[in-house]
Amino acid sequence: MIEKFKSRKFWVALLTNIVSITVVFTKMGGTAGIVAGIIGTIASSVCYMIAECKVDVARATATYEEVNSLVQKLKEKEVDDAEGNTIN
């Protein structure tokens, strides 16, 4: 979880949200500024979520492939358990 706070994506999304919310509440730019602020907040949040999903999918895929590779290796040969018994 700490890695998320060290991410540049996180900080960019956070700062974009802060700026967008500031624009909305200070009513800078009138109605157009408010609409732009709302759109900016939503867009930066959605982009951050999509980027994090892609990172999570890549991590899960790598883990799956590693586990699958280990399972295949175990299937190819006999393995001894901790007590020295042969597992087929």
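Novice: Hey, could you go over helix H3 (residues 30-76) for me, with residue numbers and the actual values?
Specialist: Note that an α-helix has 3.6 residues per turn; residues three or four places apart therefore point the same way. Its 47 residues place the ends of H3 69 Å apart at the C-alpha level, agreeing with the 69 Å of an ideal helix rising 1.5 Å per residue. Buried within H3 we find Gly 33, Gly 37, Gly 40, Thr 41, Ser 44, Tyr 48 and Glu 52. Against the buried residues of H3 lie helix H1 (2-5) and helix H2 (8-26).

Novice: Tell me about the pattern of salt bridges, and please be specific about residues and values.
Specialist: As enumerated under the stated definition, the model contains 2 salt bridges in all. With a closest N to O distance of 3.5 Å, Glu 52 and Lys 9 form a salt bridge. Remark: Lys 9 occurs in helix H2 and Glu 52 occurs in helix H3; sequence separation between them is 43 residues. Exposure remark for Glu 52: the relative accessible area of 9% places this residue in the buried category.

The rules behind the values
Residues numbered from 1 in each chain as written. Predicted model: local features only at pLDDT ≥ 70, side-chain atom pairs only at ≥ 80, totals over all residues. Heavy atoms only, no water. Helix = DSSP H or I, 4+ residues; strand = E, 2+ residues; numbered from the N terminus. Expected span 1.5 Å × (residues − 1). Buried < 20%, exposed > 50% of the residue type's maximum accessible area, 1.4 Å probe, protein only. Contact = heavy atoms within 4.5 Å. Salt bridge = Lys/Arg side-chain N within 4 Å of Asp/Glu carboxyl O.

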